[in-house]
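Remarks on the overall topology
The lines below spell out each chain.
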Amino acid sequence: VSERTLDVSELEPPEPLVLTIEAAEALAEGDWLRMLHRRDPCLLPENLRRRGFDFFLRAGSRTAVEVFIWRAGDETARLAAQAAMERRP
Amino acid sequence: VTQTLLSFEQSPPLSVPAPYFVAAPLFAGAAGLMLFFDPSLFQSRWLPGTLALTHLITLGFFALVMLGAFQQLLPVLAGAEVPRARASAWGLFCAIAAGTAALAHGLATGNPTSLLVAIGSLGIGFAAFATLAAWALFRSPSRHPTIRAMGAAVAALVVTAGLGLALAWGHTGAGVPRQWTDLHLAWGAVGWIALLVMGVAWQVVPMFQLTPDYPRALVRATVPGLAAALLLFSALTGAEGEPARWPGLPVALMLAWFALVTLALQQARRRRLPDVTVHFWRLAMGALLAAVMVWAGAAAFGAATPALLLGVLFLTGFGISAVSGMLYKIVPFLVWLHLNNLKFATGAAFTVPTMKQVIPEVRARWQFRAHLFALCLMVGAALDPSEIMTRIASAGFMVSAALLGFNLWSALALYGRLRRQPAAGAEAIGT
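Residues numbered from 1 in each chain as written. Chains lettered and ligands numbered in written order. Predicted model: local features only at pLDDT ≥ 70, side-chain atom pairs only at ≥ 80, totals over all residues. Heavy atoms only, no water.

1. Considering the interface of chain A and chain B
It is common to give the size of an interface as the accessible area that goes away when the parts come together. With 17 residues of chain A in contact, the opposing surface of chain B contributes 24 residues. Note on chain A versus chain B: buried area summed over both sides is about 2000 Å², and carbon and sulfur give 57% of it. For the pair chain A and chain B, the number of links is 1 salt bridge. There are 3 residue pairs in polar contact (both at pLDDT 80 or more) connecting chain A and chain B. Counting only elements with at least two residues in the side of chain A that touches chain B, the list comes to helix H1 (15–25) and helix H2 (44–50) of chain A. Sorting elements by how many residues they give to the side of chain A that touches chain B places H2(A) first, with 3 residues. (Contact = heavy atoms within 4.5 Å. Buried area = accessible area lost by both parts, 1.4 Å probe. Salt bridge = Lys/Arg side-chain N within 4 Å of Asp/Glu carboxyl O. Polar contact = N/O pair within 3.5 Å; in protein donor to acceptor, adjacent residues only side chain to side chain. Helix = DSSP H or I, 4+ residues; strand = E, 2+ residues; numbered from the N terminus.)

As structure tokens, then:
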């Protein structure tokens, strides 16, 4: 189980969306992705759901927003992402 | 947290906003052509041809771009599809485009038939648009400041259009109070164009130019401040018969505040990558400040307002610059959005081009230079409306409009090519 981190906070739309989808598609079983962004990612939730990913979204510490992403049905990744999310920054 | 203003699922087909974006530079080019063949139009704002010229820009350029962009936003705001979206978008487009052409002809020639056609066509078009926009805005759960500003701008557009139709009726021979022209102008310039640009800026400047957000005080004060000033101006003008000057002061201060804040935010960009839209916005803010200073200077010294110079600075310098800057984001983004959606839905073989491939930066930069040059010439022509100066300025303006039209058209054509030939699409990118 490992965490991947992707900081898109200094990229212009639609690069944050494109790079996050690419990084999510590359996740191995048990892995999850922490995406850091400066604002609420408008199109991301719809795109993640359509491609079979689940996610949490919360206010971040380094950046305004953090999104925790894993493949739907990957329980190991979900638990790891949830544990990381519950550790307050 | 920002409001989602774009959505894959609720996005109408690209053919819905496309005709609006393609036609807008054509109307701007037509205005340039008209000025080229009759340079005397820069002698006064009251000449029939000058009124026609102004409406080719305000209706043919601004209204069409605004309505095109709204077509994209309506279903997202309402959370529901617009009934018969494609047919209603085309119907609305035809009503506004045909009405604008008829109005320009009617104002320039005094032909009552053209004016009546314009009144009918624009009346139906704006009534339909206002109904659609009100439906979407009332359904929207969002209370984002941009949405409120859009609602206020649509309301101001309704007032502007109502006064405008009454004035057009007056041109057919019926009597209409002269001061309504100043009310029509104030509601159109401040309530509709400026407020809409400001509201959209709060969303797109931080998002696309990677700036900090606009200060809350400015965002909160704008709609009530401008609305109060416009209502006061209307009440005083209606009562006294002469346009009151002093309600212009809070408007001038708010516009200057917005322009200065925008320039300051752009100085604080996170990444300073080359981006021609930043130049368009800087030019727009510089022209807005110049317009405010010209107005304030004339008011302070009790001089007559230099209406033509103000019109050039506000419409060409502020309005067209800001709207062009937006178009260079909106159109590539929509092309990218729809190609991305198409690829996901069909598994097509083409590679989705980036926004910078949809309209190459170098081509947009050339158009910016042409626009800047044309604006300088137009300011020169407003100060010295000689025949030769005005002709040169109008030629520059036409070149700029043609380049903008070509850039937007080529972006939409790229989408058409890739959509029709998905398997061979990758080769078309960058051509």
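So much for the structure itself; the text now carries on.
2. A short note on empty space enclosed by the protein
Residues and elements named next belong to chain B. This model, assessed by the stated rule, comprises 4 cavities of 30 Å³ or more. In this model, the largest cavity occupies a volume close to 630 Å³. Lining of the largest cavity is provided by 34 residues; of these, Ala69, Val200, Val204, Met326 and Ile330 occupy positions nearest its centre. Going through the elements one at a time, helix H2 (48–78), helix H5 (145–171), helix H6 (180–209), helix H9 (276–300) and helix H10 (307–346) are the ones with two or more residues in the lining of the largest cavity. Broken down by element, the residue count for the lining of the largest cavity peaks at 11 residues, all from H6. (1 Å grid on protein atoms, 1.4 Å probe; cavity = no way out; pocket = protein on both sides within 12 Å on 5 of 7 lines; lining within 4 Å. Points joined across faces, edges and corners; volume = space filled by probe spheres on them.)

3. What about the layout of surface pockets?
Here the second largest pocket is characterised by a volume of approximately 760 Å³. In terms of lining residues, the second largest pocket is bounded by 38 residues, among which A:Pro14, A:Glu15, B:Trp336, B:Thr354 and B:Met355 are the most central. Of all the elements in the fold, those that place two or more residues in the lining of the second largest pocket are H1 of chain A together with H6, H9, H10, helix H11 (355–358) and helix H12 (361–383) of chain B. Residues of the lining of the second largest pocket, tallied by class, amount to 19 nonpolar, 6 polar and 13 charged. (Nonpolar A, V, L, I, M, F, W, Y, C, P; charged D, E, K, R; others polar.)

4. Description of the sheet that holds strand E1 (residues 3–7) of chain A
Residue and element names in this part refer to chain A. Pairing in this open sheet of 4 strands is mixed, and the strands run E1-E2-E4-E3 from one edge to the other. Single-partner strands in this sheet number two, and they are E1 and strand E3 (53–59). Each neighbouring strand pair of the sheet contributes to a mean axis angle of 20°, computed without reference to strand direction. Where strand E2 (residues 32–37) lies against strand E4 (residues 65–71), 5 bridges are found, and the strand directions are antiparallel. The residue of E4 that forms the bridge with arginine 34 is phenylalanine 68. Of the strands in this sheet, E1, E2, E3 and E4 touch H1, which is tilted by about 165° from E2. (Pairing = 2+ DSSP bridges. Axes fitted to C-alpha atoms, helices over the stretch in contact; angles between N-to-C directions.)

5. Side note on unusual backbone geometry
With an omega of 5°, the peptide bond running from A:Pro13 to A:Pro14 counts as cis. We note that B:Leu210 has phi near 55°; this positive angle belongs to a residue other than glycine. In this structure, B:Leu210 sits in the loop between H6 and helix H7 (216–240). Assessed through its relative accessible area of 4%, B:Leu210 is described here as buried. (Buried < 20%, exposed > 50% of the residue type's maximum accessible area, 1.4 Å probe, protein only.)

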